[in-house]
Amino acid sequence: MKKFMDKDFLLNSDCAGELFHTYAEDCPIYDYHNHLSTEDIAKRRVFKNMTELWLECDHYKWRGMRQCGVDEKYITGDAPDREKFLAWASVMPKLVGSPLYHWTHLELQRYFDYYEPLSEKNALEVWELGNERLKSYDAVSFLEHMNVKALCTTDDPADSLCWHKAIRDAGNVPFKVLPSFRPDKYIDLDAPDFRANAEKLGNEYGVEVKDLDSLKEALSKALDRFVECGVRVSDHGFSRFSYVRGTEKAELLHWLGCEYAKRGIAMQCHLGPIRNQSPRLLSSFGPDAGADSVGLTTDPYMLGAFLGDLEKDGALPKTVLYNLNPAENAVISTMAATFAPKAQYGAAWWFSDTLRGMERQIDELLETASLSASVGMLTDSRSFSSFARHEYYRRILCNKLGELVESGQYPADTEGLGKIVQDVCCNNAKNFFDL
């Protein structure tokens, strides 16, 4: 029987252990998609307690607590921070096998040097220990501690990027903090809130948005601002991807793709969530409360037409495709391989951000594309302690490669495999996104 989450956690062979400890463990992190607060980074926020750090904005944890029957007042309600933390600790033993269980304990180990399983029995001990240790961290040192070299946050085109500029001008953050261009609010011209969003965008750039041409003008000015702040990536979230030639939406998507290619901006496409499904939570808390589920990714003919039209015009930007529905892994991985080397099959995302989900994503790359070219993992998180998730992925990656060696499917070339591991863990992302 293995010890609980020891140094060889998830590493089930000697080869896997050597790959992780020699090649992966100390790799720097280039996190090209997350939702961290740039204001918190600029102000070097100090978290007052473990609830602020762990539960303030982490909808993954909120979902886990709801599933275990915790009252909403201890999740997004007005219960005291200490009581919220105790509620979280009480559900931990019930989350057996969940990535939440693994992530929580990796964070306790890496940031707080605490190696016992969390439960209601030791919750007060961890609360007091964690709160004391938090005095020695701020938002920047949390990331520096995990060897982060670059971050790409998620930013609306109407954002002034004032906090990005503050970080740049201060010059005291030891890693890159770059914006990502997220134009979701301006893609669907028939959406109920499009007019209000477009007006806000236009006001920011002195453009009266009244038609597609003026919308492009405002978005072009936004892109100019983002380029000035070092943008490397854009990001699109599609619940239902649609690209029908001859429509304004298709024209806008094609125009954006061309603009990204011209400006050297990579395009990320997240495909398939059904968002904000609970009317109760939407009315009481608002969006992003953890009331989402897996949908259908897209019509692959539409996605192929979109990428194909850009390629035909010599304007296909570097592209990463993520699918939320694991039933469509092969659809998206083979689509990405078709448009390689410009296109990539992205990391296991959101509800697939699990041990099994990551294994399936790695298997898909092994079988339909090239794992060695993968840009690896990201956090997609609002939590400053979430960067232990990179370690989780790296352990799973090394174990998968170790299995191939142990079963005789690949030679015991740890040096060659180690190069692949380091490329996937950091080098490929650094080079692909020019970080």
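Residues numbered from 1 in each chain as written. Predicted model: local features only at pLDDT ≥ 70, side-chain atom pairs only at ≥ 80, totals over all residues. Heavy atoms only, no water.

Q: Give me the overall build of the chain: which residues, what numbers.
A: The secondary structure content of the chain amounts to 18 helices and ten strands. In terms of overall size, the chain behaves like a compact globule, its C-alpha atoms giving a radius of gyration of 22 Å where 435 residues would be expected to give roughly 22 Å. Reported as C-alpha extents along the three principal axes, the dimensions of the chain are approximately 60 × 55 × 45 Å. Within the chain, the fraction of its 435 residues that count as buried is 57%. Relative to all contacts within the chain whose residues are 6 or more apart in sequence, the contacts with residues 24 or more apart total 76%. Summed over all atoms, the accessible surface of the chain reaches about 18,300 Å², with 49% contributed by carbon and sulfur. Charged side chains in the chain number 50 positive and 66 negative. The centres of these two groups are separated by 2 Å. (Helix = DSSP H or I, 4+ residues; strand = E, 2+ residues; numbered from the N terminus. Rg over C-alpha atoms; globule rule 2.2 N^0.38 Å. Buried < 20%, exposed > 50% of the residue type's maximum accessible area, 1.4 Å probe, protein only. Contact = heavy atoms within 4.5 Å. Areas by Shrake-Rupley, 256 points an atom, 1.4 Å probe, with all protein chains shown as cover. Lys, Arg positive; Asp, Glu negative; His and termini not counted. Charge placed at Lys NZ, Arg CZ, Asp CG, Glu CD.)

Q: Outline the packing of aromatic side chains, supporting the account with residue identities and numerical values.
A: Tallied over the entire structure, the rule returns 21 aromatic pairs. For the pair F181 and F226, a centre-to-centre distance of 5.1 Å together with 90° between the ring planes defines the contact as edge-to-face. Residue F181 is located in strand β4 (residues 180–181), and its partner F226 is located in helix α11 (residues 212–228); the two are separated by 45 residues in the primary sequence. Accessibility classification places F181 together with F226 in one group, the buried group. A network of ring pairs unites the aromatic residues F47, Y111, F112, Y137, F142 and F384 as a single cluster. Above the ring of Y60, the side-chain terminus of R389 is found at 4.9 Å from the ring centroid. Geometry around W103 places R389 over its ring, the cationic atom sitting 3.9 Å from the centre. (Phe/Tyr/Trp six-rings, centres within 6.5 Å; stacked < 30°, edge-to-face > 60°. Lys NZ or Arg CZ within 6 Å of the ring centre and 35° of its normal.)

Q: Would you mind going over the pairing of strand β9 (residues 319–323) in detail, with residue names and values included?
A: Consecutive side chains of a regular strand alternate in pointing toward one face of the sheet and then the other. Counting buried residues along β9, five of its five residues qualify, which places the element largely inside the surrounding structure. Here β9 shows a buried face lined by T319, L321 and N323 and a second buried face lined by V320 and Y322. Here strand β6 (residues 266–271) pairs with β9 via five bridges, running parallel. The residue of β9 that forms the bridge with H270 is Y322. Direction of pairing for β9 relative to strand β10 (residues 343–345): parallel, over a ladder of three bridges. What sits directly across from L321, in β10, is Y345. (Pairing = 2+ DSSP bridges.)

Q: Give me the lowdown on the pattern of salt bridges, citing residues and values where you can.
A: Oppositely charged side chains may form a pair once their charged atoms are brought near each other. Under the definition given, this model contains 31 salt bridges. Taking the shortest distance from any N to any O, the salt bridge between E83 and R82 comes out at 3.0 Å. Judged by relative accessible area, E83 falls into the partly exposed class, the value being 28%. Note that R168 is salt-bridged to D169, the shortest N-O span being 3.4 Å. Here D169 falls in the exposed class, since its relative accessible area comes to 58%. A network of salt bridges, in which partner residues are shared, links D40, R45, E52 and E56. (Salt bridge = Lys/Arg side-chain N within 4 Å of Asp/Glu carboxyl O.)

Q: For helix α10 (residues 194–205), give the residues involved together with the corresponding values.
A: In a regular helix each residue adds 1.5 Å, so twelve residues correspond to 16 Å; α10 covers 17 Å between its end C-alpha atoms and thus fits that length. Among the residues of α10, those classed as buried are F194, N197, A198, L201, G202 and Y205. Buried residues along α10 cover an arc of 135° about the axis, so they all sit on one side. For α10, the exposed residues lying more than 90 degrees away from the buried face are A196, K200 and N203. Its buried side turned inward, α10 meets α11. G206 lies just past α10 and shows a positive phi near 70°. (Expected span 1.5 Å × (residues − 1). Arc of directions from axis to C-beta.)

Q: So what's going on with the side chain of T354? Residues and values would help.
A: Counting through the fold element by element, T354 comes out in the loop between β10 and α16 (355–368). With sequence-adjacent residues up to four places away left out, T354 is seen in contact with P99 and Y392.

Q: Any details on the packing of helix α15 (residues 329–338) against α16? Residues and values, ideally.
A: When two helices pack together, their arrangement is given by the angle between their axes and by how far apart the axes lie. With their axes 10 Å apart at the nearest point, α15 and α16 run at an angle of 45° to one another. With respect to α16, the axis of α15 lies oblique. At the point where α15 passes α16, the crossing takes the right-handed sense. Residues N329, A330, S333, T334 and A337 of α15 pack against R360, E364 and T368 of α16. Here the residues of the contact of α15 with α16 are counted per class, giving two nonpolar, four polar and two charged. (Axes fitted to C-alpha atoms, helices over the stretch in contact; angles between N-to-C directions. Parallel < 35°, antiparallel > 145°, perpendicular 65-115°, else oblique. Left-handed = near helix turned anticlockwise from the far one by under 90°. Nonpolar A, V, L, I, M, F, W, Y, C, P; charged D, E, K, R; others polar.)

Q: Tell me about the sheet that holds strand β2 (residues 148–152), and please be specific about residues and values.
A: Read from one edge to the other, the open sheet built from three strands follows the order β1-β2-β3, with strand pairing classed as parallel. The sheet is open, and its two borders are formed by β1 (29–31) and β3 (176–178), each paired with just one other strand. Across the sheet, the mean angle separating the axes of adjacent strands is 5° when strand polarity is ignored. As judged from the three bridges shared by β1 and β2, these two strands associate in the parallel manner.

Q: Would you mind going over helix α18 (residues 414–432) in detail, with residue names and values included?
A: Largest kink in α18: about 55°, centred on D423. Residues T414, L417, G418, V421, D423, V424, C425, C426, N428, A429 and F432 constitute the buried set of α18. Each element contacted by the buried residues of α18 is listed here: α1 (14–24), β1, β9, β10 and α17 (388–406). Among the residues trailing α18, D434 stands out with phi positive, at a value near 55°. (Bend = angle between axes of the 7 residues up to and from the residue.)

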